[in-house]
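If you want the building blocks of each chain, they are given just below.
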2 protein chains.
Amino acid sequence: MLTTIGFDADDTLWQNESFFRLTQERFTNLLADHAAPDHLHDRLLAAERRNLDRYGFGVKGFTLSMIETAIEVTDGRVPATVIGEILAAGREMLAHPVNLLPHAREAVTALAAEYRVILITKGDLLDQERKVAQSGLGDLFQAVEIVSDKKPDVYRTIFARHGTGADQGMMVGNSLKSDVLPMISAGGWGVHVPHGLTWALESADPPQGERRFHTLESLSGLADLVGKVAASHYI
Amino acid sequence: MLTTIGFDADDTLWQNESFFRLTQERFTNLLADHAAPDHLHDRLLAAERRNLDRYGFGVKGFTLSMIETAIEVTDGRVPATVIGEILAAGREMLAHPVNLLPHAREAVTALAAEYRVILITKGDLLDQERKVAQSGLGDLFQAVEIVSDKKPDVYRTIFARHGTGADQGMMVGNSLKSDVLPMISAGGWGVHVPHGLTWALESADPPQGERRFHTLESLSGLADLVGKVAASHYI
């Protein structure tokens, strides 16, 4: 039985990675005299990976990692004005408008009529709350959970709190690593809706021979898939 | 009737502001050639206030505001190595050990035997989770809620979710502005346990003629106070 459907937010319901990419381009341009784009990208990714345990996910940590990388690749010679530009780029990310992805509103609306729908996202608390509010989708969800990471136990707790357990729950999102695999480990269904842009630290291989795993090209097919799962064809 | 007791975390159960003060001293020393301590402090506070809507509370936003202030007060001439020191100071804050305040463990333990006790804190999600885990107090709480801000509606939602409503709840904390006043506005009890150090942006005047407001010198008196409130002497 399926009672509860969880949606990821960034790059599932609205654009996110594209803003990170734009900021990274700006970062590359700012440091063009000091490092080649590919090298800079590798160093930034290394800093993000190194800092993940301390900073967690989100724009503030990304900004701090950009600043750290700028100092590193210039051997401490980057002008403070460039650091100021990086700070400004981070603040702009925190103010960017929310652009819903195609079919996001209709998919959530359709399912909210028949199921408990919840939103589960990671990132900076205040920034994620702002995006939920600006998306106009907040009222469709029975609950919004902003978490520091998406592990099986996190899904177990959330689907027990707001639904009837993870084994009667489905998670829909663009990240195999964060949305799909840990939800399947928790006993639920995992639906992958790929986004053209995915952050390198979110990459993972799809599960093999897993009956509770599905892939959709877009959210437009979600209501149909859920209907089939509920009719037990896919259990 | 009183059923549920919420505890603030930073500077109520464990030290926090003292780490911010130490980092701020280090920041002052790093910029000693560029700005007098008082002036620097004012500029930093202004940056923190200005950025609160974007960064929210916590160490990452504080670090970003320090960097912004360093650039500002030096008219963009601060060396990148100094910015690197500020980054390092921020990372150290995110790694500092948790020092419980006197009577914290015994107060929570005593009340957890008779009441639902929950922990309600604001700040960076991952950092607050880390501190809860390191405090060793996590298992005493029925729930841990990390929120972006502490407003009456936030308390109403949390005490409805984990208790029997804010009007049957009490909030215990060191901040009149965040822990006490909004909880009283939500219909509950507010117990102020002042900490010697309080961040300027948390200052507020105590409520006047409010029967549900209490002040304690330390958490050692909390179980007694709760007993009296429960016996209706203080309703």
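Just so we're clear, the structure is a prediction, and the values are computed from it rather than from any experiment.

Here is what the cut-offs are and how they apply
- Residues numbered from 1 in each chain as written.
- Chains lettered and ligands numbered in written order.
- Predicted model: local features only at pLDDT ≥ 70, side-chain atom pairs only at ≥ 80, totals over all residues.
- Heavy atoms only, no water.
- Axes fitted to C-alpha atoms, helices over the stretch in contact; angles between N-to-C directions.
- Helix = DSSP H or I, 4+ residues; strand = E, 2+ residues; numbered from the N terminus.
- Parallel < 35°, antiparallel > 145°, perpendicular 65-115°, else oblique.
- Left-handed = near helix turned anticlockwise from the far one by under 90°.
- Contact = heavy atoms within 4.5 Å.
- Nonpolar A, V, L, I, M, F, W, Y, C, P; charged D, E, K, R; others polar.
- Salt bridge = Lys/Arg side-chain N within 4 Å of Asp/Glu carboxyl O.
- Buried < 20%, exposed > 50% of the residue type's maximum accessible area, 1.4 Å probe, protein only.
- Phe/Tyr/Trp six-rings, centres within 6.5 Å; stacked < 30°, edge-to-face > 60°.
- Core = buried A, V, L, I, M, F, W, Y, C linked by side-chain atoms within 4.5 Å.
- Arc of directions from axis to C-beta.
- Least-squares fit on C-alpha atoms with pLDDT ≥ 70 in both.
- Pairing = 2+ DSSP bridges.
- Right-handed = clockwise from strand over helix to strand, strands pointing away.

### A few points about the packing of helix 2 (residues 37–55) of chain A against helix 3 (residues 59–73) of chain A
The geometry of a pair of packed helices is captured by two quantities: the angle between their axes and the separation between those axes.
Residues and elements named next belong to chain A.
Okay, step 1: Remark: helix 2 packs on helix 3, axes separated minimally by 9 Å, with the N-to-C direction vectors making an angle of 130°. Judged by the inter-axis angle, helix 2 sits oblique to helix 3. Once helix 2 is placed against helix 3, the crossing between them reads as right-handed. Residue-level inspection shows Leu 40, Arg 43, Leu 44, Ala 47, Glu 48, Arg 50, Asn 51 and Tyr 55 of helix 2 in contact with helix 3, the latter providing Gly 61, Phe 62, Leu 64, Ser 65, Met 66, Glu 68, Thr 69, Glu 72 and Val 73.
Okay, step 2: Class assignment for the residues of the contact of helix 2 with helix 3 results in eight nonpolar, four polar and five charged.

### Concerning the pattern of salt bridges
Residues and elements named next belong to chain A.
Okay, step 1: Going through the model one piece at a time under the given rule, you end up with 32 salt bridges over all chains.
Okay, step 2: Note that Asp 8 is salt-bridged to Lys 150, the shortest N-O span being 2.8 Å. Of this pair, Asp 8 sits in the loop between strand 1 (4–7) and helix 1 (17–30) while Lys 150 sits in the loop between strand 3 (143–147) and helix 7 (152–162), and the two are 142 residues apart along the sequence.
Okay, step 3: Its relative accessible area of 6% is what places Asp 8 among the buried residues.

### Quick word on the packing of aromatic side chains
All names here are of chain A.
Okay, step 1: This structure, assessed with the given rule, holds eight aromatic pairs over all chains.
Okay, step 2: Consider the rings of Tyr 155 and Phe 159, whose centres lie 6.4 Å apart with planes at 55°: the pair is tilted. Taken as a pair, Tyr 155 and Phe 159 lie in helix 7 at a separation of four residues, close to a single helical turn. Of the two residues, Tyr 155 and Phe 159, neither departs from the other in class, the shared state being buried.

### Considerations on the nonpolar core
Okay, step 1: Ranked by size, the top nonpolar core spans 48 residues in total, and within it Ile 67 of chain A together with Ile 67 of chain B carry the most contacts.
Okay, step 2: Residue assignment for this core shows that the elements contributing at least two residues are helix 1, helix 2, helix 3 and helix 4 (80–93) of chain A together with helix 1 (17–30), helix 2 (37–55), helix 3 (59–73) and helix 4 (80–93) of chain B.
Okay, step 3: Look past the residues within four positions of Ile 67 of chain A in its chain and what remains in contact with it is Ile 83, Ile 86 and Leu 87 of chain A together with Leu 64, Ile 67, Ile 83 and Leu 87 of chain B.

### Quick look at helix 9 (residues 222–230) of chain B
Residues and elements named next belong to chain B.
Okay, step 1: Residues Leu 222, Leu 225, Val 226 and Val 229 constitute the buried set of helix 9. Take helix 9 and look down its axis: the buried residues cluster within an arc of 100°, on one side only.
Okay, step 2: The secondary structure elements touched by the buried residues of helix 9 are strand 1 (4–7), helix 5 (104–112), strand 4 (169–173), strand 5 (189–192) and strand 6 (213–215).
Okay, step 3: Positive backbone phi, at 75°, marks Ser 232, one or two positions downstream of helix 9.

### Some thoughts on the relation of the copies chain B and chain A
Two copies of one chain are present, and they are related through a rotation about an axis combined with an axial shift.
Okay, step 1: Once chain B is rotated about the relating axis by 180° and shifted along it by 0.0 Å, it coincides with chain A to within an RMSD of 0.0 Å. A rotation of that kind, with that shift, is consistent with a two-fold axis.
Okay, step 2: Of the interface residues in chain B, 100% have counterparts in chain A that sit at the interface too, so the contact is made through matching surfaces.

### Let's talk about the pairing of strand 5 of chain B
It is a general feature of regular strands that their side chains alternate between the two faces of the sheet.
All names here are of chain B.
Okay, step 1: Alternating residues of strand 5 divide into Trp 189 and Val 191 and Gly 190 and His 192, and every residue in both groups is buried.
Okay, step 2: Sheet analysis places strand 4 next to strand 5, joined by four bridges and oriented parallel. The partner of Gly 173 across the bridge, within strand 5, is His 192.
Okay, step 3: Read as a crossover between parallel neighbours, the route from strand 4 over helix 8 (residues 176–185) to strand 5 is right-handed.
Okay, step 4: Here strand 5 runs beside strand 6; their pairing, made up of three bridges, is parallel.

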